Structure formats: C-alpha cells, structure tokens
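Geometric and topological summary
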Amino acid sequence: MRLGTWILDKAAGSDSRMRRLIAYWGATLLLYAFALAFLWIDVEFGEASRLIATIFTVLVLMGEAAFFWVIRKHERLGITTAQLSIYQSWFAIFCVALAYTGQGPLRGATLLGLFVVLIFSAFSLKAREARALSIFVVVFLGGAMLSMPFTVPQFFDLKTELLHSMLAGSALLVVGVINGRLSDLRSSLKAQREELRVAAETNRMLATTDELTSLPNRRYMAELLRCQEQRRTPSVTSFCLALLDLDGFKKINDLYGHDTGDEVLKQFAQLGRRQLRKNDVLARWGGEEFLLYLPGTILQDAHGVLERMRQQVQHAHLLNQAGKISYTFSAGLVELTLDEPVEHGIRRADALLYRAKQRGRNLIEMNAIDDSITV
Ligand SMILES: Nc1nc2c(ncn2[C@@H]2O[C@H](COP(=O)(O)OP(=O)(O)OP(=O)(O)O)[C@@H](O)[C@H]2O)c(=O)[nH]1
C-alpha cells in the first residue's frame, strides 16, 4: 500500500485528478503484464507465434510509455480525460486483436482482455463514444477472427472463430446495456448536482441579501467588517463607515401605507448604490437604517460621496397614485482609527446620526478621529 502511494507520489505528484489517471494507467499496465506473461508462456510451449509475441511486447511497452507521457502532459496538449480514455480503449482493442491472432489454441482467453476494456469503457465513455468503440471491435476484431481461418487455415478453424465471434458479440451486447444504464445514471447525477449547486447558491444569496432592497444584509456586512477588522495592519489605508437613516419614515408609512414605504426603501437603495464605487458596500442594517462601508477612503472624500448621495435623494421622488413622494436621509460618518474596534466606530457613527437628526435632518454629520463625541 505504502509502495503504491510512493510510486503514485513520484509518478503523479499531489494533484488528485492526475493521481487517478496514473492509477488507471497502472491498472492497465498490470493487465498488459498478465497478457504478456500469458502470451510468452504460450510461446514457450510452442503454441503461439514468437514474432507476434515480440511485436506485441514492443507495441505494449511503447504504447504504455507513450500513454504515460500523454497523461502527464494532457492538459498542455489540450487533450481531455474522455479523449484519453478513448485512445487507451482503441489501443487496447488493437492489442487484443493482435494478441488473438498470435495466440495458439488458448486464444479464447485473450477475449477476457476485451471484456475488461469494454467494462472499463462503460464507466468512462459516453454512450455515443462506447458505441463507436463497439463498432471498432466488431469491424477490427471480428474481421481478424473471421479472416484468420482463410489466411492461416492450419492454425485457425472457422467453427472456433465463429464461436469466439459470438462470445465477443454477446459481451458487446451486455456492455451496451450496462453503458445505457450508466449513461442514464450519469445524466441524472449531473442534473442532481446542478440542482444542488443552484440550491446552495440560492441559500447563500438568501442568507446574505436583503429581500426587499436586494442590498447585502446585516449578516453579510457584519461578517465583512469582522474580516476587515482581522486584516487591519499599519499598511492598510483608512476606511470610513456611515450610518444612514431615512428621515420621518414613519410618516411616509402612515400617510401612504407600508407598501409605499417599501417602494421608498427600494428606490433609496438603488439611488445609493449608483453613487458608490465597486468596492464600497451599502447594506441594509435594519428597518430604514443603512450602513455604508467605504474602504481606502479618507473622511473628506467619504463626506463628498455622502453629500452627493444626499442631494440625489433630496431631488428624487417616488411617483405613485398619491403623487410625488419626496424623502431625505441623515447620516453619521466616521473614519476609523487603526486600532479602533469596528463596533466602536459604528457607535460613533450612530451618535453622529442622532446629532444630525437633532440638528434638523437631511444632514451629514461627521467628526475627525480625535473629535470627542459621547458614544
Ligand atoms: N415600509 C416599511 N417600513 C419599515 C420597514 N422597516 C421599518 N419600517 C418603519 O420605519 C419607521 C421608522 O420610524 P422611526 O424609527 O420613528 O423613525 P422616522 O420616522 O424615520 O424618524 P426619524 O428617523 O427620527 O427621522 C417605523 O414606522 C417602522 O415601522 C420596512 O421594511 N418597510
């Protein structure tokens, strides 16, 4: 076991796909070794052709060496693993046919190799590819079997060859049925995998996205800030946080209804997002409150962004049956110190937001890092 792992380490490295391919290759090498031993024993008993045994041996050794090289380089050569399987199967069938023609009376045993190749192909090839391989077997091996009694009648008799052809034909039939079933199974597994992938993606989306506004939700933002906090180093440039809250939102709900309130929240989210860079994140923090994360931004620049957003929102309006509904927001903006916990930064932003509300709303309140504000 340990020896096998050691050989795999040396031959295939650590890539699991390469290890699998080389392991398959090793299994075929073992099979060829058995076939060669069998053939050479037959040669020693004077029952098989030494010439064909020699050709077969050279062919197998060169073929296997070439396949080892191709498997190792298949990605660089642009060969898929399915193509590799096809080439290996065709080569194996060719070898089976050659060994068959050179073997003595025990050549029927060579057909065992054919069964192995066909079963292997049922697992690795698509139904269409396996069909093409079966046709190759019928034409090539069947042709070899049936032509031998006429070309070397002293060694091959027609009755035996017909029996062997029927045996090979029934193997093809069985493999054809197995392959059809495997192909169905593979298709349904693929469909299930895709369903699972979509379900996982939907779950991830639902877990991190606010359903109403389609903005990232509080859970996502909290996680993002937690990661940001862990990654903070002196070389990381400053970042800002702002808490935004719609002004008099309760009144909008009361006057126009909850559904209209929802529409306002959605429109606000769209307007807000439009003002931001790709790396900025606006999340729904809860109710009509939003948290804005501006990485790599100093306080003055962040204030510029928020001010633009404030003006945009102030001049926009929601159009519904009740007419034009205007709304505004207030915000508390802070730049975080290098060692300041995010939680503390958010509390400072909240205190500033409160100050903006106190001072009349539709305002952005900010303070420098060392500015004192009770949190
Ligand atoms: N339509 C709607 N309303 C919500 C949602 N979440 C919270 N609200 C409402 O938002 C309102 C917030 O009201 P308040 O906290 O009094 O704040 P405000 O009326 O905006 O007043 P100020 O913040 O002081 O300007 C409440 O009436 C909540 O019911 C929501 O998802 N949809």
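All of these numbers come straight from a predicted model, not from anything done at the bench.

Counting secondary structure elements, the protein chain contains twelve helices and seven strands. For the protein chain, buried positions account for 42% of its 375 residues. Within the protein chain, contacts between residues at least 6 apart in sequence are counted, and of these 67% link residues at least 24 apart. If you sum the accessible surface of the protein chain, you get close to 21400 Å²; carbon and sulfur atoms cover 62% of it.

This part takes up the packing of aromatic side chains. Remark: the centre distance and the inter-plane angle together describe each pair of aromatic rings, the angle taken between the planes. For the structure on display, the rule yields nine aromatic pairs. Both rings, one in Trp 90 and one in Phe 136, keep their centres 4.4 Å apart while their planes meet at 25°; by these two values the pair is stacked. Placement of Trp 90 in helix H4 (residues 81-102) and of Phe 136 in helix H6 (residues 127-151) is noted, with a sequence separation of 46 residues between them. Within the aromatic cluster, the residues linked to one another by ring pairs are Trp 90, Phe 94, Phe 136 and Phe 140. One cation-aromatic arrangement involves Arg 107 over Tyr 100; the distance from NZ or CZ to the ring centre is 5.9 Å. Directly above the ring of Trp 285 sits Arg 218, whose terminal nitrogen or CZ lies 4.1 Å from the centroid.

In this section: the pairing of strand E7 (residues 364-367). The pairing of strand E6 (residues 329-335) with E7 spans four bridges and is parallel. Its bridge partner being in E7, Gly 332 is matched across the sheet by Glu 365. Handedness of the crossover is the feature at issue here: the chain leaves E6, passes through helix H12 (residues 342-358), returns alongside E7, and the resulting connection is left-handed.

Counted according to the given criterion, the structure contains 17 salt bridges. The salt bridge involving Arg 197 is made with Glu 194; its shortest N-O contact spans 2.9 Å. Placement of the pair is Arg 197 and Glu 194 together in helix H7 (residues 158-208), with a separation of three residues, close to one helical turn. Taking relative accessible area as the criterion, Glu 194 reaches 39% and is therefore assigned partly exposed. Residue Glu 263 is joined to Lys 266 by a salt bridge in which the shortest nitrogen-to-oxygen separation is 3.5 Å. Taken together, the residues Glu 263 and Lys 266, both in helix H10 (residues 258-274) and three residues apart, mark about one turn of the helix. According to the relative accessible area criterion, Lys 266 is partly exposed, its value standing at 33%. A single salt-bridge network, built from bridges that share partners, covers Asp 245, Asp 247 and Lys 357.

Criteria and thresholds
- Residues numbered from 1 in each chain as written.
- Predicted model: local features only at pLDDT ≥ 70, side-chain atom pairs only at ≥ 80, totals over all residues.
- Heavy atoms only, no water.
- Helix = DSSP H or I, 4+ residues; strand = E, 2+ residues; numbered from the N terminus.
- Buried < 20%, exposed > 50% of the residue type's maximum accessible area, 1.4 Å probe, protein only.
- Contact = heavy atoms within 4.5 Å.
- Areas by Shrake-Rupley, 256 points an atom, 1.4 Å probe, with all protein chains shown as cover.
- Phe/Tyr/Trp six-rings, centres within 6.5 Å; stacked < 30°, edge-to-face > 60°.
- Lys NZ or Arg CZ within 6 Å of the ring centre and 35° of its normal.
- Pairing = 2+ DSSP bridges.
- Right-handed = clockwise from strand over helix to strand, strands pointing away.
- Salt bridge = Lys/Arg side-chain N within 4 Å of Asp/Glu carboxyl O.

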